[in-house]
Amino acid sequence: MSWDFRTIIEPFRIRAVEPIPLLDRKARERALARAEHNLFGLRAEEVTIDLLTDSGTGAMSAEQWGALMMGDETYAGSRSFRRLEAVVHELTGYPHVFPVHQGRAAERILARTVLEPGKLVLNNTHFDTTRANVEQAGARAVDLPTPGSDDPSYACPFKGNIDLANLEETLQLRGSEVALVMLTLTNNAVGGQPVSMANIESVSALCRRYEVPFFLDAARFAENAWFIKVREPGYDRWRLPEIARRMFDLADGCTLSAKKDGIVHIGGLLCTRLPQWAEKFRCELILGEGYPTYGGLAGRDLEAMSLGLLEALDEDYLRYRVRSIAYFAEGLERAGIPVVHPPGGHAVFADAGRLLSHLRPDQFPGQALGAAFYLEGGVRGVEVGSLMFPGARLELLRLAVPRRVYTQAHIDYVIEVAERVAARASELPGYRILREPPFLRHFSASLEPLEAYICASGRRESCAPSP
Ligand code: F0G
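Now for a look at the structure at hand. Note that the coordinates shown come from a computational prediction; the quantities given were computed from them, not determined experimentally. (Residues numbered from 1 in each chain as written. Predicted model: local features only at pLDDT ≥ 70, side-chain atom pairs only at ≥ 80, totals over all residues. Heavy atoms only, no water.)

Some words on the sheet that holds strand E7 (residues 253-257)
- The mixed open sheet is built from 7 strands, whose spatial order is E2-E8-E7-E6-E5-E3-E4. The open sheet has two edge strands with one neighbour each: strand E2 (96-100) and strand E4 (140-143). Here the strands of the sheet are splayed against their neighbours by 20° on average, with no regard to which way each runs.
- Bridge analysis of E7 against strand E8 (residues 268-272) gives 5 bridges, and the strand direction is antiparallel. Note that in E8 the partner of Cys254 across the bridge is Cys271. (Pairing = 2+ DSSP bridges. Helix = DSSP H or I, 4+ residues; strand = E, 2+ residues; numbered from the N terminus. Axes fitted to C-alpha atoms, helices over the stretch in contact; angles between N-to-C directions.)

Below is the structure:
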């Protein structure tokens, strides 16, 4: 429906609640020190507003909770699978549908069955688990983001696009080495930015010309469809399921983490129209995930996923979702925190490198800003910068918004926390790594602030726990 009010209300009311912890500053300082200054080390009861991820953290609808009781736990041939299969056929058009326990399981099956050492996978930008799975198979993950996607102030409507000129040149020069082209919708790593239908169409045509299979990473397919509807000329009258179907029709298959736009706590999909690949996927699925009619999930999970995939395409929900992210971004900017433009679909990315210009990349500005948000107000985000990707082009703090969980008052509170953080930005200390694992270091590294944090009282205090 059309909505001509200034306030975009949450298009749901709340019937089950979960208390959130409100801690005082001393308790937050102790918690962060115990976590060795790594925000991943915090416990749920230590976090007031958790914006670490939008993955698996959404609120299911009453209908989804009800559907759990309808889960058919038959090992082979479950009714719940057939219901999911029908929904996914309708949504994507892909004849071969494999449930998996989450997105990276689909990536792993794809990488292990179709990649070989020395091959290339081209993507607008690989999500980190996709990259890791490609590289684990001995292939090379090559990112071809659109020029300007690393400039936080460049407000292009489809900043998630792949660089078509670069893609064509790579296919021309090294076509025989390219095993797969992928598009990540929306493009998480560059700020949750959408990919245009025109870009998907061009990639599809190039892949057909060079005879290279083309897959979507469709974790946030619904948010991408919304951006096409409202930003791309010619799509404003299309229904969202029609836009989504057109996106899927242009590709040969998809990996999909249903923990995002499937609005479930666990689940994913691997789908394709290529029969030879489907056969390989089926064998690998049985080896690692389970029989193809449950694929690492319970029947009840399949029921919740069938409904979540459809609810995510509801127009009122997506209008609210995307507007609330933009509202959050506008509030942060007013508070004095620069953000990546334009705001994306699932998160606001704060430009820590610019705000904390007194810190070098090896002093981890994104981590410094993340620690400050936590210490000021118990708000947890995630660093996306040199700690996560050594040599990163940008130093960001991602504040991801779980689906249907927080209200506008929660976001207003985070903006108030941001005002306090921004007021003291020039005093925030950098960090150094004390210990780190051999890979994916951001999850478990131990860190230390480079100098004492200046507390609200104005006194310099150590963040070390009191003895
Ligand atoms: N692809 C994209 C674009 C993702 O953002 C993620 C996960 C995955 C694949 C992997 O899916 O977690 O179900 O195995 N992203 C989460 C995040 C973890 O916080 O952005 P998964």
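Some remarks on helix H6 (residues 164-174)
- For H6, the complete set of buried residues consists of Leu167, Thr170 and Leu171. All buried residues of H6 fall inside an arc of 95° around its axis, so they share one side. Looking at H6, the residues exposed on the side facing more than 90 degrees away from the buried face are Ala165, Gln172 and Leu173.
- Where H6 is buried, its residues contact strand E3 (120-123), strand E5 (178-184) and helix H7 (197-210).
- The N-terminus of H6 is capped by Asp163, whose side-chain oxygen sits 3.3 Å from the backbone nitrogen of Ala165. (Buried < 20%, exposed > 50% of the residue type's maximum accessible area, 1.4 Å probe, protein only. Arc of directions from axis to C-beta. Contact = heavy atoms within 4.5 Å. Polar contact = N/O pair within 3.5 Å; in protein donor to acceptor, adjacent residues only side chain to side chain.)

Some thoughts on the site of the ligand
- Close to the ligand lie 16 residues; Thr53, Arg104, Asp217, Ser257 and Lys260 are nearest.
- Between the ligand and Gln102, the relevant distance is 2.8 Å, taken from an oxygen atom to a side-chain nitrogen or oxygen of the residue.
- For the ligand, the accessible surface in isolation is 470 Å², of which the surrounding protein chains cover 93%.
- Per-element accounting of the shell around the ligand gives the leading share, 3 residues, to helix H4 (residues 103-114). (Near = heavy atom within 4 Å. Areas by Shrake-Rupley, 256 points an atom, 1.4 Å probe, with all protein chains shown as cover.)

A look at the pattern of salt bridges
- A complete count under the given rule lists 35 salt bridges for this structure.
- A salt bridge links Lys229 to Glu315; its shortest N-O distance comes to 3.9 Å. Here Lys229, found in helix H8 (residues 221-231), pairs with Glu315, found in helix H12 (residues 315-334); they are 86 residues apart in sequence, far enough to count as distant.
- Linked by salt bridges that have partners in common, Arg25, Lys26, Glu29, Glu376, Arg424 and Glu427 make up one network. (Salt bridge = Lys/Arg side-chain N within 4 Å of Asp/Glu carboxyl O.)

Focus on helix H3 (residues 79-92)
- Taking 1.5 Å of rise per residue, 14 residues should cover 20 Å, and H3 covers 20 Å from first to last C-alpha, within 8% of that figure.
- When H3 is considered as a whole, its buried residues turn out to be Ser80, Phe81, Leu84, Val87, Val88, Leu91 and Thr92. Buried residues of H3, viewed axially, fall in a sector of 130°; they line one side.
- Where H3 is buried, its residues touch E2, H8, helix H9 (240-249), E8 and helix H11 (299-311).
- For H3, the capping residue at the N-terminal end is Ser78, with a side-chain oxygen 3.1 Å from the backbone nitrogen of Ser80.
- At the C-terminal side of H3, Gly93 shows a positive phi close to 80°. (Expected span 1.5 Å × (residues − 1).)

Some thoughts on the packing of H12 against helix H15 (residues 408-423)
- For the pair H12 and H15, interaxial distance at closest approach is 9 Å and the crossing angle is 25°. In terms of their interaxial angle, H12 and H15 are classed as roughly parallel. The handedness of the crossing between H12 and H15 comes out as right-handed. Only Gln408, Ile411, Asp412, Val414, Ile415 and Ala418 of H15 make contact with H12, whose side of the interface consists of Tyr327, Phe328, Gly331 and Leu332. (Parallel < 35°, antiparallel > 145°, perpendicular 65-115°, else oblique. Left-handed = near helix turned anticlockwise from the far one by under 90°.)

Looking at the pairing of E4
- Alignment of E3 against E4, held across 4 bridges, turns out to be parallel. When the sheet's bridge partners are listed, Val121 is paired in E4 with Ala141.
- The handedness of the E3 to E4 crossover, carried by helix H5 (residues 128-136), is right-handed. (Right-handed = clockwise from strand over helix to strand, strands pointing away.)

Description of unusual backbone geometry
- The linkage connecting Leu185 with the following residue, Thr186, adopts the cis geometry, with an omega of -20°.
- Phi is positive for Arg404, close to 65°, though the residue is something other than glycine.
- Residue position: Arg404 is located in the loop between strand E12 (396-400) and H15.
- Residue classification places Arg404 among the buried residues on the basis of a relative accessible area of 15%.

Some remarks on the sheet that holds strand E11 (residues 382-384)
- Taken in spatial order, the 3 strands of this open sheet run E9-E12-E11, and their pairing is antiparallel. Because the sheet does not close on itself, it has two edges, and the strands there are strand E9 (347-351) and E11. Across the sheet, the mean angle from the axis of one strand to that of its neighbour is 35°, orientation sign disregarded.
- In this structure, E11 lies alongside E12, joined through 3 bridges in antiparallel fashion. Along E12, the bridge assignment pairs Glu383 with Leu397.
- The sheet strands contacting H12 are E9 and E12, and the helix crosses E9 at an angle near 20°.

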